[in-house]
Amino acid sequence: MTSHRAIALNVLALYALAALLAAAFAAQFILGELPCPLCLLQRIMFALLAIGPILNIRFGPRPSHYALSLLAAVVGATVSTRQVLLHIMPGDPGFGTALFGYHYYTWALIGFIAAIVLLSLVLLFDRQFEKAPAAHSAPSVIAHVAVWLVIGLTAANVASTLLECGFKACADDPVLYELLKR
């Protein structure tokens, strides 16, 4: 895999992460489901997962960039596993709405495991890390849009978390936006 193809895969990864963060917002605002503290941590980990692709797009593919995303995926999988284990008892209805029979935190665990596997596979292709004779080319407009989309969705997550929790610890089972209550 060449450096150019690796960057194209990183752009696709950013769009996938943007779609995921947008879906989380859809559940929050359309379905009215406020995220719990563990859900918020999982969103943070998905946002941190984007650091590797952003750095790869800006500076060219490097193993250290992939390692940052890999670490975020491992922490995200750990947080998701914790939440799955909280709701594993028979008769526990789980937290939030189920999608295709699985709750969002279970889907997050599947997503983080998929990210770990995919990042590991991409790291097997050494050719992407070879220095090209020409300098690293500037990112395309499509890449810029992907980067700013993820950054914007992350900023929106920070703003909605501030509205939900205020300047204190978030409620375990949130029912209202703390800063909007009267």
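All values reported here derive from a predicted model rather than from experimental measurement. (Residues numbered from 1 in each chain as written. Predicted model: local features only at pLDDT ≥ 70, side-chain atom pairs only at ≥ 80, totals over all residues. Heavy atoms only, no water.)

Draft legend 1. Representation of the overall build of the protein. For the protein, the helix and strand inventory stands at six helices and two strands. Each helix and strand of the protein, placed in order from N terminus to C terminus, yields the pattern α-α-α-α-β-β-α-α. C-alpha extents for the protein along the principal axes are approximately 60 × 40 × 25 Å. The proportion of buried residues among the 182 residues of the protein is 36%. Partitioning the contacts of the protein with sequence separation of at least 6, the portion at a separation of at least 24 is 73%. With an accessible surface of roughly 10,600 Å², the protein has 73% of that area assigned to carbon and sulfur atoms. Taken as two groups, the 10 positive and 8 negative side-chain charges of the protein have centres that lie 12 Å from each other. (Helix = DSSP H or I, 4+ residues; strand = E, 2+ residues; numbered from the N terminus. Buried < 20%, exposed > 50% of the residue type's maximum accessible area, 1.4 Å probe, protein only. Contact = heavy atoms within 4.5 Å. Areas by Shrake-Rupley, 256 points an atom, 1.4 Å probe, with all protein chains shown as cover. Lys, Arg positive; Asp, Glu negative; His and termini not counted. Charge placed at Lys NZ, Arg CZ, Asp CG, Glu CD.)

Draft legend 2. Region of interest: the state of the cysteines. If you walk through the whole model with that rule in mind, you get one disulfide. The disulfide partner of C165 is C170, and the S-S distance across this bridge is 1.7 Å. In this structure the cystine formed by C165 and C170 twists about its S-S bond by roughly 100°; its chirality is therefore right-handed. (Disulfide = S-S within 2.5 Å.)

Draft legend 3. Highlighting the packing of aromatic side chains. Taken as a whole and assessed by the stated rule, the structure comprises five aromatic pairs. Between Y102 and W107 the ring centres are 5.5 Å apart and the planes differ by 90°, which places this aromatic pair in the edge-to-face class. Against the face of F25 rests R43, its NZ or CZ located 5.7 Å from the ring centre. (Phe/Tyr/Trp six-rings, centres within 6.5 Å; stacked < 30°, edge-to-face > 60°. Lys NZ or Arg CZ within 6 Å of the ring centre and 35° of its normal.)

Draft legend 4. Fine view of helix α1 (residues 3-29). Taking 1.5 Å as the rise per residue, α1 with 27 residues should run 39 Å; its terminal C-alpha atoms sit 39 Å apart, in good agreement. Those residues of α1 that fall on the buried side of the exposure criterion are A6, I7, N10, V11, L14, L17, A18, L21, A24, F25, A27 and Q28. Where the residues of α1 are buried, they touch α2 (37-49), α3 (51-59), α4 (63-86), α5 (104-123) and α6 (141-165). (Expected span 1.5 Å × (residues − 1).)

Draft legend 5. View of a nonpolar patch on the surface. Together, I30, L31, L99, F100, Y102, Y104, W107 and I110 make up a nonpolar patch on the protein surface, roughly 850 Å² of accessible area in all. Here the element with the most residues in the nonpolar patch is α5; it accounts for three residues. Position of Y102 among the secondary structure elements: in strand β2 (residues 102-103). (Patch = residues over 30% accessible without salt bridge, like charges linked within 9 Å, V, L, I, M, F, W, Y side chains within 5 Å. Salt bridge = Lys/Arg side-chain N within 4 Å of Asp/Glu carboxyl O.)

Draft legend 6. Quick look at unusual backbone geometry. The phi angle at F100 is positive, at roughly 55°, despite the residue not being glycine. Mapping F100 onto the fold places it in the loop between β1 (98-99) and β2.

Draft legend 7. Representation of the environment of L48 in the model. Tracing the sequence through the fold places L48 in helix α2. Look at L48 and you get partly exposed, because its relative accessible area is 34%. Each C-alpha atom, one on L48 and one on Y15, is 14 Å from the other, the two residues being 33 residues apart in sequence.

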